[in-house]
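A closer look at the structure
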Amino acid sequence: MPGTAAGAFDNSLDHSREECHPYYSRVELEEDGLIVEATVTERCYVYRLTGASTAAVKTGASASVQTQADRVCIELKNSDRGRVPQEYIQLTADRTFSIMKQSADQVILVFEGPITFVGAVSYISFEQAEINRRMETDGKNFDEIKGNAFTTWNDLLGKVQIAGNDEDHQAV
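Counting from 1, residues in each chain are numbered in the order their sequence is written. The model is predicted, so local features are restricted to residues of pLDDT at least 70 and side-chain atom pairs to those at 80 or more, both for listing and for counting; the totals for chains, interfaces and linings are taken over all residues. Excluding hydrogens and water, the side-chain values take into account all heavy atoms of the structure.

1. Remarks on the packing of aromatic side chains
Just so we agree on the cut-off: In this scheme Phe, Tyr and Trp rings, the latter by its six-membered ring, pair at centre separations within 6.5 Å, and the angle between planes marks the pair as stacked below 30 degrees, edge-to-face above 60, and tilted otherwise. Per-residue accessibility, obtained with a 1.4 Å probe over protein chains only, is compared with the maximum for each type, and a residue is labelled buried under 20%, exposed over 50%, and partly exposed between these values. Whether a charge lies above a ring is judged from NZ of Lys or CZ of Arg, which has to be within 6 Å of the ring centre and within 35 degrees of the ring normal.
Using the criterion set out here, one finds 6 aromatic pairs in the structure. With 5.7 Å between their ring centres and 75° between their planes, Tyr45 and Tyr47 make a pair best called edge-to-face. Judged by relative accessible area, Tyr45 falls into the partly exposed class, the value being 25%. Note on Tyr47: relative accessible area 18%, which makes it buried. Three or more aromatic residues joined by ring pairs form one cluster here, namely Phe97, Phe111 and Phe117. Of note, Lys146 hangs over the ring of Tyr24, and the distance from its end group to the ring centre comes to 3.9 Å.

Okay, here's the thing in structure tokens:
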């Protein structure tokens, strides 16, 4: 999702400045002075951006983008990739942002200070994406959502049972 103010997605990535877990990731994009953190719920992805005032949302060529006062609605048409025919993504933020530029495959957003974006997903409609966002993220900050993702991951991981008498049978 994040890119530069110019809409470029060619930041170099120093993996020594990256943290990655199944429930959370953090990366520093040095050229832009941007720190990107990401976590998830069942039907939402959540980004916290710190240290920059613009972000480019790359949608891809098969997307239809509608911008509204407080949200960006992205309809992805996936028929060419053999997946579900459409995905509806509603992108909202915890503070005001504006649209700097919009093209066929990206939207450049401008905002003040740190910002948290929630991308709610539905395969049914934008209205269902909104319902998903409200159910899974309303009233929660980024760290609470991250904590819930951590707990969910550990609960699922705790269901794995390993059988066998020796290390060869217990290794993956």
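2. A few points about a nonpolar patch on the surface
Applicable threshold: The residues that make up patches have over 30% relative accessible area and no salt bridge, and they are joined within 9 Å when like-charged or within 5 Å when they are Val, Leu, Ile, Met, Phe, Trp or Tyr. All accessible areas in this document rest on Shrake-Rupley with a 1.4 Å probe, and a residue is counted as covered only by the protein chains that are shown. Whenever a carboxyl oxygen of Asp or Glu lies within 4 Å of a side-chain nitrogen of Lys or Arg, that contact is scored as a salt bridge. Only DSSP runs of H or I with at least four residues qualify as helices, and only runs of E with at least two residues qualify as strands; both kinds are numbered from the N terminus onward.
Taken together, the side chains of Trp153, Leu157, Val160 and Ile162 make up a nonpolar region of the molecular surface, amounting to roughly 400 Å² of accessible area. For Trp153, the location among the structural elements is in helix H2 (residues 142-157). With relative accessibility at 35%, the residue Trp153 sits in the partly exposed group.

3. Brief notes about the pattern of salt bridges
Taken as a whole and assessed by the stated rule, the structure comprises 11 salt bridges. Notably, a salt bridge pairs Asp143 with Arg48, separated by 3.2 Å at the nearest N-O pair. Of this pair, Asp143 sits in helix H2 while Arg48 sits in strand E4 (residues 44-50); the two residues are 95 residues apart in sequence, bridging distant segments of the chain. Arg95 is the partner of Asp94 in a salt bridge, and the nearest nitrogen-oxygen pair spans 4.0 Å. Judged by relative accessible area, Asp94 falls into the exposed class, the value being 51%. Accessibility expressed as a relative area gives 39% for Arg95, which makes it partly exposed.

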